[in-house]
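Fold and contact review
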Amino acid sequence: MEYIINGGNKLRGEIAVYGAKNCALALLGATTLTPDEIILHNCPDIADVANMLKLLSAMGKTVSRDGNTVCIKGELVSTCAPRSIATLLRGSALILGGTVAKYNQIALPLPGGCAIGSRPMDIHFRGLEALGVKVLDAGDMVSCLGKPHGADHTLRFASVGATENLLCACVLADGQSVIRNCAIEPEVAALEQLLIKMGAQLDGVGTDRIVVNGVRSLHGAEFDVIPDRIVAATYLSAIAATLGEGVVSNCNPDHLRAFLQLLQERFDVKVYENKVYLRSDKHPSDYGTIVTAPYPLFPTDMQSLVMSLAACCSGETIICEQLFENRLTHNAEQLNKMGAHITVNGNVATVRGGDLHGANLAAKDLRGGAGLVIAALAASGQSRVGGIEHINRGYVDLAGNLSSLGGNIYLQN
Ligand code: EPZ
């Protein structure tokens with residue numbers, strides 16, 4: 001399957017954002033901490049979430065979905081994650097911490113690297129070891145054994161996934177834990193809020209220093225998945241790239257301030273409490289110099305979006321990707337097929353562009369695929385975008401949603 005995109009339409013109208021993939025996956029990981037029912041509202045119906053639910057179900061959980069509400073309950077009957085499911089998504093790693101905390105053991109096949117990088121898990125494993133857990137890393141599989149005890153541990157890098165796993169690992173530990181240099185992404189703060197609702201004694205929500213006093217058990221809770229800031233940025237990028245005018249609603253502008261600042265400097269942008277208005281009359285000369293970094297700085301997940309925006313500009317934009325070692329080259333090559341002039345040297349891309357024309361494109365990862373769709377909507381002529389299974393991992397009906405704004409994009413088998 002591929003998208004057929006006939007570029008040139010100005011996107012206009014209002015579009016609502018749905019729940020964040022990277023929040024939902026972390027919260028689903030935390031359901032391993034209790035047999036009680038966890039109810040998640042605004043939970044996006046995307047492939048990664050479906051596969052995470054499949055994994056939890058295969059290990060014993062009872063899962064159900066009613067629209068955008070997902071319910072998970074029951075004990076795990078197995079702490080061996082089936083390889084066929086666990087390797088479908090990287091998010092499966094997020095069951096590690098909760099499973100070790102609750103069952104003191106887990107055997108988890110690991111998906112390994114992906115298109116954007118090698119994706120090691122050393123920060124997860126060193127943190128679990130600091131909590132007294134024995135970690136056997138066999139490369140394509142990790143086994144953990146032992147009940148976590150409290151510890152004072154500093155992450156060598158503010159890894160989102162490692163922070164999430166370690167928070168889940170210490171909430172049932174004997175004693176107090178202080179976890180330092182935690183990631184402070186909104187999705188991590190949401191997990192911290194869910195854990196508190198489940199009965200965890202956790203201080204420092206949203207900060208890089210979290211103090212947890214272990215408790216004997218956690219109970220059920222109900223929680224709203226936060227809006228997807230990357231989807232919000234994707235829609236805003238599509239409106240900006242096509243010189244359109246629109247409103248992206250049901251989002252939290254506070255979660256994408258670094259990206260919004262880039263747009264506010266170049267377009268007519270109005271920011272409200274839970275929506276953003278944007279009107280774009282012409283492409284800017286460039287997007288300056290962008291350096292990706294942990295929150296609240298410019299997110300790596302929005303890098304491919306801004307590369308596509310910059311490919312529509314005649315001036316020079318510099319993009320430095322600091323998080324993942326292979327997240328620039330593929331889209332640079334694809335956009336150059338559309339008439340852009342992008343060179344990549346190490347982790348720095350120099351982007352020049354202008355009037356893009358349609359081409360046959362291939363998505364290799366989730367956010368890169370969204371970037372290619374945006375470029376194709378802005379280009380003149382027809383483009384084909386293959387590899388949309390990557391896009392479906394994190395976007396709900398991207399073609400349908402962009403069509404609702406007037407984009408000429410449809411799915412072809
Ligand atoms: C999360 O991945 C997101 N995924 C990613 O989104 C996002 O790009 C990333 O955070 C950074 O914001 C989910 O939340 C499911 P990291 P994660 O651990 O947790 C290195 C998307 O498209 N590292 O913060 O894997 C790592 O290689 C995805 O939605 C280690 O070296 O990211 C990378 O260079 C893509 N050792 C950097 O840290 C470790 O043990 C950031 O990784 C862990 C990470």
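Conventions we followed
- Counting restarts for each chain, with residues numbered from 1 along the sequence as it is written.
- Per-residue local features of the predicted model are confined to residues with pLDDT of at least 70, and side-chain atom pairs are confined, for both listing and counting, to 80 or more; whole-chain, interface and lining totals are unaffected and use all residues.
- Values reported for side chains reflect all heavy atoms of the structure, with hydrogen atoms and water molecules removed beforehand.
- Helix and strand definitions here come from DSSP, where helices need a minimum of 4 consecutive H or I residues and strands a minimum of 2 consecutive E residues; each element is numbered from the N-terminal end.
- The criterion used for residue contact is that any of the two residues' heavy atoms lie within 4.5 Å.
- Stacked, edge-to-face and tilted labels apply to pairs of Phe, Tyr and Trp rings (six-membered ring for Trp) whose centres lie within 6.5 Å, assigned for plane angles under 30 degrees, over 60, and everything in between, in that order.
- To sort residues, take the accessible area from a 1.4 Å probe on protein chains only and compare it with the maximum for the residue type: under 20% means buried, over 50% means exposed, and anything in between is partly exposed.
- Two thresholds decide whether a charge sits over a ring: the Lys NZ or Arg CZ must be within 6 Å of the ring centre and within 35 degrees of the ring normal.
- The rule for a residue being near a molecule or strand is that one of its heavy atoms must lie within 4 Å of it.
- Polar contact is defined as a pair of N or O atoms within 3.5 Å, subject to the rule that within protein one atom must be able to donate a hydrogen and the other to accept it, and that residues adjacent in sequence are counted only when both atoms are side-chain atoms.
- In this description, accessible areas are obtained by the Shrake-Rupley approach with a 1.4 Å probe, and a residue is regarded as covered only by the protein chains that are shown.
- Only Asp, Glu, Lys and Arg are considered charged in this grouping, and only Ala, Val, Leu, Ile, Met, Phe, Trp, Tyr, Cys and Pro are considered nonpolar; every other residue, Gly among them, is considered polar.
- For the domains described, the bounds stem from an automatic or database domain assignment.
- Throughout, buried area stands for the accessible area (probe radius 1.4 Å) lost by two parts on being put together, summed over both.
- Here, a salt bridge means any side-chain nitrogen of Lys or Arg that lies within 4 Å of a carboxyl oxygen of Asp or Glu.

**Observations regarding the environment of P35**
Its location among the elements puts P35 in the loop between α1 (21-30) and β3 (38-41). If we skip the residues at most four places from it in the chain, P35 touches K61, K73, G74, E75 and K102.

**Considering unusual backbone geometry**
Cis peptide bonds are those with omega within 30 degrees of zero, and the linkage from Y295 to P296 qualifies with 10 degrees. By the element assignment, P296 lies in the loop between β17 (289-291) and α10 (303-310). Phi is positive for R119, close to 55 degrees, though the residue is something other than glycine. One non-glycine residue, L243, adopts positive backbone phi at about 55 degrees. Along the chain, L243 turns up in the loop between α8 (229-241) and β14 (245-249).

**A few points about the packing of aromatic side chains**
Aromatic rings in a pair are described by how distant their centres are and how their planes are angled relative to each other. Per the stated rule, a full pass over the model turns up one aromatic pair. Their ring planes at 45 degrees and their centres at 6.2 Å tell us that F259 and F298 sit as a pair that is tilted. In this pair, F259 sits in helix α9 (residues 257-264) while F298 sits in the loop between β17 and α10, placing the two residues 39 residues apart along the sequence. For the pair shown, F259 and F298 are each scored as buried. Note that K275 overlies the ring of Y272, its terminal NZ or CZ placed 5.5 Å from the centroid.

**A few points about the site of the ligand**
Neighbouring residues of the ligand: 22 residues in total, closest D122, I123, S159, D301 and L323. Between the ligand and P120, the relevant distance is 3.3 Å, taken from an oxygen atom to a main-chain nitrogen or oxygen of the residue. A distance of 2.8 Å is found between an oxygen atom of the ligand and a backbone nitrogen or oxygen belonging to G161. For the ligand, whose free accessible area comes to 820 Å², the fraction covered by protein is 87%. Those elements that place two or more of their residues in the shell around the ligand are α1, α5 (122-130), α6 (160-170) and α12 (366-378). Its residues placed into classes, the shell around the ligand shows ten nonpolar, five polar and seven charged.

**Topic: the domain arrangement of the chain**
Parsing the chain into structural domains produces domain 1 (2-17 + 227-412) and domain 2 (21-224). The C-alpha-based centres of domain 1 and domain 2 are spaced at 30 Å. Counting residues at the interface gives 22 residues for domain 1, matched by 18 residues for domain 2. Roughly 1,700 Å² of surface becomes buried between domain 1 and domain 2 when both sides are summed, with 55% attributable to carbon and sulfur atoms. When residues of domain 1 are sorted by the area they lose upon contact with domain 2, Y295, F324 and R393 head the list and together hold 32% of the total. Joining domain 1 to domain 2, the criterion identifies two salt bridges. Here R393 makes a salt bridge to D48, at a shortest N to O gap of 2.9 Å. At the boundary of domain 1 with domain 2, the tally comes to eight residue pairs in polar contact (both at pLDDT 80 or more). In the side of domain 1 that touches domain 2, the residues fall into nine nonpolar, four polar and nine charged.

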